[in-house]
Amino acid sequence: MNSKLLVEVIPTVPSDLISVKEGAKVAGKTERTIWRDIRSGKLRAWGTRRCYRISVSELLAPVAVRGGNE
C-alpha cells in the first residue's frame with residue numbers, strides 16, 4: 001500500500017456544545033423537536049446515549065439563513 005495516499009482523519013468536535021435542554025431554550029423549540037431532529041439526521045450530536053450535546057452554531061444555522069431573506 002502506498003503510504004503517501006493514506007491520510008489520518010481526525011474528527012473535530014465543536015467548542016460550542018450545549019445540552020439538548022439548553023438547545024431547546026436557545027432555539028425556542030421543544031426538547032422533543034430537538035430529539036426528533038437528532039434522530040432524523042437533521043442535527044448532529046456528540047456524546048453517549050441520553051447525554052448528547054449539540055452545537056449552537058448548527059442549531060441556529062437555519063434561523064440565520066431564513067432571517068437574512070426577509
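One can find the structure itself at the top, above this paragraph.
Residues numbered from 1 in each chain as written. Predicted model: local features only at pLDDT ≥ 70, side-chain atom pairs only at ≥ 80, totals over all residues. Heavy atoms only, no water.

Asks: Quick one: what's the story with the overall build of the protein, residue by residue and with numbers?
Replies: Broken down by element type, the protein carries 3 helices and 2 strands. Reading the protein from its N terminus to its C terminus gives the helix and strand order β-α-α-β-α. Split into buried and exposed, the 70 residues of the protein put 20% on the buried side. Total accessible area on the protein is roughly 5,800 Å²; 54% of this is exposed by carbon and sulfur atoms. (Helix = DSSP H or I, 4+ residues; strand = E, 2+ residues; numbered from the N terminus. Buried < 20%, exposed > 50% of the residue type's maximum accessible area, 1.4 Å probe, protein only. Areas by Shrake-Rupley, 256 points an atom, 1.4 Å probe, with all protein chains shown as cover.)

Asks: With reference to specific residues and values, describe helix α1 (residues 20–27).
Replies: Those residues of α1 that sit buried are V20, G23 and A24. Looking straight down α1, one finds its buried side chains confined to an arc of 100°; they lie on one side. Just past α1, the residue G28 takes up positive phi, approximately 75°. (Arc of directions from axis to C-beta.)

Asks: So what's going on with the side chain of S19? Residues and values would help.
Replies: With respect to the helices, strands and loops of the structure, S19 is situated in strand β1 (residues 17–19). On the basis of relative accessibility, which here comes to 15%, the residue S19 falls in the buried class. In this view, S19 contacts Y52, R53 and I54; residues no more than four positions away in its chain are not counted. (Contact = heavy atoms within 4.5 Å.)

Asks: Tell me about the packing of aromatic side chains, and name the residues and values.
Replies: Summed over the entire model, instances satisfying the criterion amount to 1 aromatic pair. Seen from their ring centres, W35 and Y52 are 5.8 Å apart, and the 50° between their planes marks the pair as tilted. In this pair, W35 is assigned in helix α2 (residues 31–40) and Y52 in the loop between α2 and β2 (53–55), connecting sequence segments 17 residues apart. (Phe/Tyr/Trp six-rings, centres within 6.5 Å; stacked < 30°, edge-to-face > 60°.)

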